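# Architecture at a glance
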Protein chains: 4
Amino acid sequence: MAQRIPVGLVGVTGYTGMELTRILAGHPGLELVRATSRSEAGKTLASLYPYLSGPGDLGRMGALTVTQPDPEDLAAACQLVFLAVPHKTAQEIASALIKKGVKVVDLSADFRLRHKPTYEHWYATPHTEPDLLAEAVYGLPELYRADMAGARLIANPGCYPTASILGLAPALEKGLVHTDDIVIDAKSGTSGAGRKASVGTLFCEVADTFRAYNLTKHRHTPEIEQEVSLLAGGPVALSFNTHLLPIDRGILATIYTRLVKPMTLKDVHALYAERYADEPLVRVLPAGTLPETRWVRGTMFCDIGLAVDERIGRLIVLSAIDNLCRGASGQAVAGANLMLGLPETQGLPTAPLMP
Amino acid sequence: MAQRIPVGLVGVTGYTGMELTRILAGHPGLELVRATSRSEAGKTLASLYPYLSGPGDLGRMGALTVTQPDPEDLAAACQLVFLAVPHKTAQEIASALIKKGVKVVDLSADFRLRHKPTYEHWYATPHTEPDLLAEAVYGLPELYRADMAGARLIANPGCYPTASILGLAPALEKGLVHTDDIVIDAKSGTSGAGRKASVGTLFCEVADTFRAYNLTKHRHTPEIEQEVSLLAGGPVALSFNTHLLPIDRGILATIYTRLVKPMTLKDVHALYAERYADEPLVRVLPAGTLPETRWVRGTMFCDIGLAVDERIGRLIVLSAIDNLCRGASGQAVAGANLMLGLPETQGLPTAPLMP
Amino acid sequence: MAQRIPVGLVGVTGYTGMELTRILAGHPGLELVRATSRSEAGKTLASLYPYLSGPGDLGRMGALTVTQPDPEDLAAACQLVFLAVPHKTAQEIASALIKKGVKVVDLSADFRLRHKPTYEHWYATPHTEPDLLAEAVYGLPELYRADMAGARLIANPGCYPTASILGLAPALEKGLVHTDDIVIDAKSGTSGAGRKASVGTLFCEVADTFRAYNLTKHRHTPEIEQEVSLLAGGPVALSFNTHLLPIDRGILATIYTRLVKPMTLKDVHALYAERYADEPLVRVLPAGTLPETRWVRGTMFCDIGLAVDERIGRLIVLSAIDNLCRGASGQAVAGANLMLGLPETQGLPTAPLMP
Amino acid sequence: MAQRIPVGLVGVTGYTGMELTRILAGHPGLELVRATSRSEAGKTLASLYPYLSGPGDLGRMGALTVTQPDPEDLAAACQLVFLAVPHKTAQEIASALIKKGVKVVDLSADFRLRHKPTYEHWYATPHTEPDLLAEAVYGLPELYRADMAGARLIANPGCYPTASILGLAPALEKGLVHTDDIVIDAKSGTSGAGRKASVGTLFCEVADTFRAYNLTKHRHTPEIEQEVSLLAGGPVALSFNTHLLPIDRGILATIYTRLVKPMTLKDVHALYAERYADEPLVRVLPAGTLPETRWVRGTMFCDIGLAVDERIGRLIVLSAIDNLCRGASGQAVAGANLMLGLPETQGLPTAPLMP
């Protein structure tokens, strides 16, 4: 496998970093040659994550020693680097790497919002790389595949936006629904909250309970509105709302819309099926079948289900993804595949862990 | 405690039956003297539920022998009977008991819909007790307290309707929101699905996943619309949607509405707080605090949280209950208390099990 | 209720503190008049725990303002104080309070080990209150009820020791088993790990997994051996081992012993039943019935089940408790009841939350 | 991929059947061409399991139509058949298939016990295929790799026995421990209980609780004793005990033994590491690291951790597997690989889903 393309990972201690190691451990075209962490540098990956051991690729990955995030070193070793660090930190590293000719997939929010003031408003911090912001490609293959292939910098979409945008795209592209009456009720597994020590995400604070959080204030709102507005051909303001599920992985977005004119489930389903007919990583489930988060667990699929409430003229779209795979690290690998000239779906898991 | 009022329970093998035993075990004014089950008659409650043993009331309840559901026997022994059996079955038993002068709290759906054809449409079965249907009182204390006190038959509200109606009542009574744009996104713990052997609710089919179910077809829709229409003073058709949570107990309803005119969170909160100021079993949480299902676990509280999305003119109401206690058996006991002249909240749990 | 005895709680932010508020909220004989926390002083309990609101006792408790832990103030206000703080800290506060004439129930490990060097070895810190150590009564009612009633200071037993000692007591008192071949395989819910922010007890690190921890090093080992040796009438060294369960509450100890001579399940069961016949808070389940942690959830019961493997001459004892209630705060309240001349079981929950 | 070897699966509706589809969907050397079910024949796999859809192998598998289990048809289409049906049923089908020249991997217990009377005693049913019983090879690669390669019929080991035997093998082979004092305290995820509709394994009966089951009566006892006796070179009777975990997948066996002579952890660890040095599917974790079920989730690894309690001369072995993969379907595929001349580990998952 000497011919695999060498890649790096900045930030290996969070859940998206962990998920990248899982995916890259089975990727035939990419080889992880650098994994960085300010706090864990000097240890092997196997000492951090004892499950990264055994024969073959898994053991080889486990033997990798974690390094400090040094752009010089990363650029010398890697053709492409994944950034799995908090926003703001990502800006600086991305800039340094790209200047050295390294391709970057940024999993943070730093390059997702095209409009600098919008970023600065929602994230309450200046954006110091406006040129890169202008250049970055939003890494959702179903919308930007061609641009991604030529990009130096991919802004990997947020987890909720991935589910929401893919759920809404056909309806908006075809003008099926009113754009001023969209409500997204989204629920996410707890890995979406990250791997920082915090009382609020302790087992005993999450298991056996359910709650909404961040209502009216979630930072994925402008990201969704940006892409949805482009799809709708005009500005869309919508209601985006988030809840915390007592599961590890998975997002289900229940999206409420109002049909412009009466349609049957069959009609809507046909349009959705047509829109995604050639997409390898979106599955429009049969009419009458509603998605479950476990059906996409560990995979790159976005599963879409539809319901039409003819009584009241509403279309309800259900969109399910694995927030760590399709909603973060798997999508980042799809982006890397495209940037590096590999098949888009290479190395990406598709068979879910059931049960 | 010889002076406690003797009551009976028809249907002890389901989760609502179990919850009734839990509540009645600590009730100072009611004594369970009959518990019936067609399949388990002849056993003691303790042999069915080994945790119903020990000293005092708990052990005395466990020593009770399960009987066949015989109206004659129930009427001889009980002043009031709780029906925790499926709809349709409840109609017949309710009628037989009331004829014998026994008060009845029916936990099934049989007497909740005032309009016979609506019942027959949604439940796909004839209603054979139209007189009782006309007489039955919908057992939500916050709306019908006085009527409940004088009733012979209480139709105990459904779990989702309890959360939904209490969440919407202040907004509708005061005309804050448009009645043609209401979406209820409700999530329930799995005990709501009952205690029948079924593949779909096995542990491995529910844990670590999340899904919607019954979209556009849930039988609680007409029940909610009936009460909400009365509150709004005109017919309301709304979008009611249900999801299955991997937790035992708890419902969270996230209710999306559109404000008639711009209001701040503070304004709306004041109106909600005022509406429920004297209600012992509804808590309007402080502005900015959102409810969690565990905060009401095992209790009779309906906890209400509010969010106003001023950007898009929407009021979001969050309503949390314990589906087995407030959403079923606890509310049934509140109804029984009122019917029997006891204090409404007597014997009802209020301190949640945390964590 | 002005006649309730005023008590205080030092350390309200952990799970044992929370559990004490839950129990005291429904206690007819005790009133919580002080709750302290260094980090949260100045807030009301309701602002810390929004579920501590509503009418009656629950709301009154929620209105209590958290204070700094000041022995002077505590002594002026309280007849008895519960200490729910880490070991070492407890020593100092206990001493100060007792000097001022306040009774103390210490939930930490500081006064459980009668032998000062053993404490200092296992807890790796000097014990600075040897006189109090000598005076303290180990607060397990089934063994020390009379002493507890007269105590100034109760050392509230650890969670694992409570389950283990109660499970072993009859077998050891009657000499049924070899004392040199005892293995305790214990499993605990995650609330036992406390409420500190920590990566290891995040939801995503505990849910959907299972692991042993602290093997051969758990600090409850000497506590169990101390009490078990007294029961056996000679020194016992045993194998005590702990595992972390993905549940909030509950301990199940599976205790493996070797019978001195062949016995049937019936024989052993009769001896266990006899031993605990008059105990209000221990339930020996019927022969053939094995305990579940949920059967004691939220309650003070210790449920004991038995199995005899006649093929190999082994007695297996299963002992289940709620680690927060019987294994900590509930048992502390039982101790307080005894110290204050109230009925031992007053205010203690017995009906479990099922499911 | 036309050159993949065609295989069949009898019994696709249980969890082991589901797991086989997951593994075979990614297997480069085997192709599932038949999947049978008496109750679901005529449907496609995708209609049973909507997640078996999408592009490539997954979608091709989903398009397969479920058939009745007809040996004639299976033999015509398949070189090898996996039996994922209950014991007793498996005997008959295995016999019919082998007569037609088809290789068989039986996941039931029918051919695991070499001694016919032992089978008939523990399974309470006659064994009607004594010749096949004598011929069958116990499919644990670490013990019987060579025999498996030449077998017509593999008896796929039980889940608990796999974990238990691999955990004990080095200690017994090297005579480190007394063979008359072995206690296995095993805990399994709920998928081990199968996919039949049953009240006892409903979500609300398993989540948030923990219990032992089948103590002294579990049918895996004779299977473990059979293999352990062979390893020890003489008859071993041990204490085998099982518990139900509120997780989907995973077994952790905590195995208590008594050392023949004092040894340090370092000594024992070296012997274990040496024993499994060349084994691709067993990982002896570093000394001091204890296994977790999630580290093997979805994989073929058996992870082993060790603890020596020098104080009391005990060796504790912890052995973790995924009960559905290593403990059933994955091990069956390893057996099939060997029987068909493919590399033993081909197509077997090794990177666990974390978290």
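Residues numbered from 1 in each chain as written. Chains lettered and ligands numbered in written order. Predicted model: local features only at pLDDT ≥ 70, side-chain atom pairs only at ≥ 80, totals over all residues.

Take the environment of T289 of chain B next. Residue position: T289 of chain B is located in the loop between strand 11 (282-284) and strand 12 (302-309). Between the alpha carbons of T289 of chain B and A273 of chain B there is a distance of 13 Å; along the sequence they are 16 residues apart. When neighbours within four sequence positions are excluded, T289 of chain B is seen to be in contact with G305 of chain B together with P50 of chain C. (Helix = DSSP H or I, 4+ residues; strand = E, 2+ residues; numbered from the N terminus. Contact = placed C-beta atoms within 7 Å.)

For these two chains of identical sequence, chain C goes onto chain A by a turn of 180 degrees and a shift of 0.0 Å along the axis, with RMSD 0.0 Å. These values place the two chain copies in the arrangement generated by a two-fold rotation axis. (Least-squares fit on C-alpha atoms with pLDDT ≥ 70 in both.)

Here the focus is the domain arrangement of chain A. Often, the extent of an interface is quoted as the loss of accessible area upon association of its parts. Residues and elements named next belong to chain A. When its domains are assigned, chain A resolves into domain 1 (5-135) and domain 2 (160-323). For domain 1 and domain 2, the distance between their C-alpha centroids amounts to 27 Å. Between domain 1 and domain 2, the residue contacts involve ten residues of the former and seven residues of the latter. Classifying every residue of the side of domain 1 that touches domain 2 gives five nonpolar, three polar and two charged. (Domains from an automatic or database assignment. Nonpolar A, V, L, I, M, F, W, Y, C, P; charged D, E, K, R; others polar.)

Our focus in this paragraph is the interface of chain A and chain B. Taken together, the 38 residues of chain A in the interface contact 37 residues of chain B. For the side of chain A that touches chain B, the secondary structure elements donating two or more residues are strand 7 (183-189), helix 10 (203-206), strand 8 (211-213), strand 9 (239-245), strand 10 (251-258), strand 12 (302-309) and strand 13 (314-321) of chain A. Here the side of chain A that touches chain B is composed, by residue class, of 19 nonpolar, seven polar and twelve charged.

With that settled, consider the relation of the copies chain A and chain B. The two copies are related by a screw operation: chain A maps onto chain B through 180 degrees of rotation and 0.0 Å of translation along the axis, at an RMSD of 0.0 Å. Interface residue correspondence from chain A to chain B reaches 97%, placing this contact among same-surface, isologous pairings.

For S319 of chain A, the location among the structural elements is in strand 13. Taking the C-alpha atoms as reference points, S319 of chain A and V284 of chain A, 35 residues apart in sequence, are found 9.3 Å from one another.

Per-residue pLDDT for chain A averages 97, and the proportion of residues at 70 or more is 99%. Here the predicted complex carries an ipTM of 0.97, next to a pTM of 0.97. (pLDDT = per-residue confidence, 0-100.)

What follows concerns the pairing of strand 2 (residues 30-36) of chain D. All names here are of chain D. Counted residue by residue, strand 2 has five buried out of seven residues, so it is predominantly covered. As defined by bridge partners, strand 1 (residues 5-10) adjoins strand 2 across six bridges and the pair is classed as parallel. Its bridge partner being in strand 2, V7 is matched across the sheet by L32. Crossover connection from strand 1 via helix 1 (residues 15-24) to parallel strand 2: handedness right-handed. (Buried ≥ 20, exposed ≤ 12 C-beta atoms within 10 Å, placed from the backbone. Pairing = 2+ DSSP bridges. Right-handed = clockwise from strand over helix to strand, strands pointing away.)

With that settled, the discussion passes to the sheet that holds strand 9 (residues 239-245) of chain C. All names here are of chain C. Strand order in the open sheet formed by seven strands is 8-9-7-10-13-12-11, with mixed pairing between adjacent strands. The open sheet has two edge strands, strand 8 (211-213) and strand 11 (282-284), and neither has a second partner. This sheet shows a mean twist of 25 degrees between the axes of neighbouring strands, independent of strand direction. Two elements, strand 11 and strand 12 (residues 302-309), share three bridges in a ladder whose sense is parallel. Residue V284 lies in a different strand from strand 12, and its bridge partner there is I304. (Axes fitted to C-alpha atoms, helices over the stretch in contact; angles between N-to-C directions.)

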